[in-house]
Amino acid sequence: MTSDSSATEQFLARLGCGREEFLRDHFAAAWRWYERLTSLCTAGRIHAWRGRCVVACGLRPGDRVLDVATGTGPLLLRAARRLGPTGVAVGLDPSLDGLTDARALTTKHGLGAHWVQGRALPLPFRAHSFDAVLVGFALRHFGVPREVLREFRRVLVPGGRLGIVDFLRPRPGPMGRAGLAYLFWVVPVISGLLSRRRAVYRLARYLPHSILDAPHPEQLGHAMGAAGFALESARPLCAGIVWLFTGRATGGADDTKEEPASSTTTLSGARVVARTT
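Residues numbered from 1 in each chain as written. Predicted model: local features only at pLDDT ≥ 70, side-chain atom pairs only at ≥ 80, totals over all residues. Heavy atoms only, no water.

## Quick notes on the pattern of salt bridges
Two side chains bearing opposite charge may form a pair once their charged atoms approach each other closely.
Part 1 of the argument: Applying the stated criterion to the full structure yields eight salt bridges.
Part 2 of the argument: Between R161 and D63 there is a salt bridge, with the nearest N and O atoms lying 3.2 Å from each other. In this pair, R161 is assigned in strand β5 (residues 156–167) and D63 in the loop between α3 (46–56) and β1 (64–68), connecting sequence segments 98 residues apart.
Part 3 of the argument: Its salt-bridge partner being R154, residue E151 comes within 2.8 Å of it at the nearest N-O pair. (Salt bridge = Lys/Arg side-chain N within 4 Å of Asp/Glu carboxyl O. Helix = DSSP H or I, 4+ residues; strand = E, 2+ residues; numbered from the N terminus.)

## Regarding the pairing of β1
Part 1 of the argument: Within β1, four of the five residues are buried, which leaves it mostly tucked inside the rest of the structure.
Part 2 of the argument: For the segment spanning β1, helix α4 (residues 74–80) and strand β2 (residues 88–93), crossover handedness is right-handed.
Part 3 of the argument: In the sheet, β1 pairs with strand β4 (residues 130–136) via four bridges, with the strands oriented parallel. From the neighbouring strand, V65 faces β4, where its bridge partner is A132. (Buried < 20%, exposed > 50% of the residue type's maximum accessible area, 1.4 Å probe, protein only. Right-handed = clockwise from strand over helix to strand, strands pointing away. Pairing = 2+ DSSP bridges.)

## Structural notes on the packing of aromatic side chains
Part 1 of the argument: Summed over the entire model, instances satisfying the criterion amount to seven aromatic pairs.
Part 2 of the argument: Relative to Y206, the ring of F22 has its centre 5.1 Å away and its plane inclined at 40°; by these criteria the two rings are tilted. Here the residue F22 occupies a position in helix α2 (residues 19–41), and Y206 occupies one in helix α8 (residues 198–212), the gap between them amounting to 184 residues. As far as burial versus exposure is concerned, F22 and Y206 are alike and both buried.
Part 3 of the argument: Measuring from centroid to centroid gives 6.0 Å for W243 and F245, while their planes differ by 45°, and the two rings are tilted. F245 carries the same exposure label as W243, and that label is buried.
Part 4 of the argument: Aromatic ring contacts, followed pair by pair, group F11, F22 and Y206 into a single cluster. (Phe/Tyr/Trp six-rings, centres within 6.5 Å; stacked < 30°, edge-to-face > 60°.)

## Some details on the environment of G118
Part 1 of the argument: For G118, the position within the fold is in the loop between β3 (113–117) and β4.
Part 2 of the argument: Here G118 falls in the buried class, since its relative accessible area comes to 17%.
Part 3 of the argument: Between the C-alpha atom of G118 and that of A69, which follows or precedes it by 49 residues, the distance is 9.0 Å.
Part 4 of the argument: With near-sequence residues (within four places) excluded, G118 lies in contact with L92, D93 and P94. (Contact = heavy atoms within 4.5 Å.)

## Observations concerning helix α1 (residues 7–15)
Part 1 of the argument: Those residues of α1 that fall on the buried side of the exposure criterion are A7, T8, F11 and L12. Here the buried residues of α1 occupy an arc of 125° about the axis, which is enough to place them on one side. For α1, exposure combined with an orientation more than 90 degrees from the buried face picks out A13 and R14.
Part 2 of the argument: If you follow the buried residues of α1, they end up packed against α2 and α8.
Part 3 of the argument: Phi turns positive one or two residues past the end of α1, at G16, with a value near 75°. (Arc of directions from axis to C-beta.)

## Some points on unusual backbone geometry
Part 1 of the argument: The amide bond that connects L121 to the next residue, P122, takes the cis arrangement and shows omega of -5°.
Part 2 of the argument: By the secondary structure assignment, P122 is in the loop between β3 and β4.
Part 3 of the argument: The backbone of F137 sits at a positive phi, close to 55°, despite the residue not being glycine.
Part 4 of the argument: Mapped onto the elements of the fold, F137 is located in the loop between β4 and α6 (145–155).
Part 5 of the argument: At R196, a residue that is not glycine, the phi angle is positive and equals roughly 55°.
Part 6 of the argument: With respect to the helices, strands and loops of the structure, R196 is situated in the loop between α7 (174–195) and α8.

In short, shape yes, function no, at least from these values alone.
In structure tokens:
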């Protein structure tokens, strides 16, 4: 799936930076454009796909939901509408700029949420803190998926739900080749012309390289099983590149896994940068 000469690493080597540095700097410079970029990458269908992810997870009033790599919060916003006044919606992201925009978005829509600045490895929460974990178009940024999937499993209650919607490496075939060609050659040019920002152009160039290093759908299903999830569904959404996966946390050894030193049973121990109520 990945190697020392992966497509992403070759791309980043030409820019002279590592993955974490690139994502931090370019996302910070391109937040205002990123939602438009993802909309362009998906021909505007990303909004419907996020909604399908929330529905597929069967969120209920009163659930505690974590959105990992929430960005500006579009996925969590859809989830929060289903949780009611007794539910808890938490968005986690390393970028303070993104969380600031997320807070404004939920305030605008009159929804309550907690916004936590932090990383996915390790998640800054104790075991069994959430009823559902969502991740939208970000899983491939974490490298080998099994490690982060085990963290998702750790913070979920037994039977808790996982929803993943993301670009995955397509199977060989004309549909996959056509989708990758669009992402490699059309999206970066249009993004650069519309934004007139180098950071947006480079981010658009990075995204298809990250897809080449993403797991195949079958590999992601196996990784979920190895991390302690019972796979419930794996649905292709577009050209064999965009997929929706859902699963449930099973019992097992992970239930007794030692907690990271920074974990907390409540949000008071994490770096909560903002709350909207």
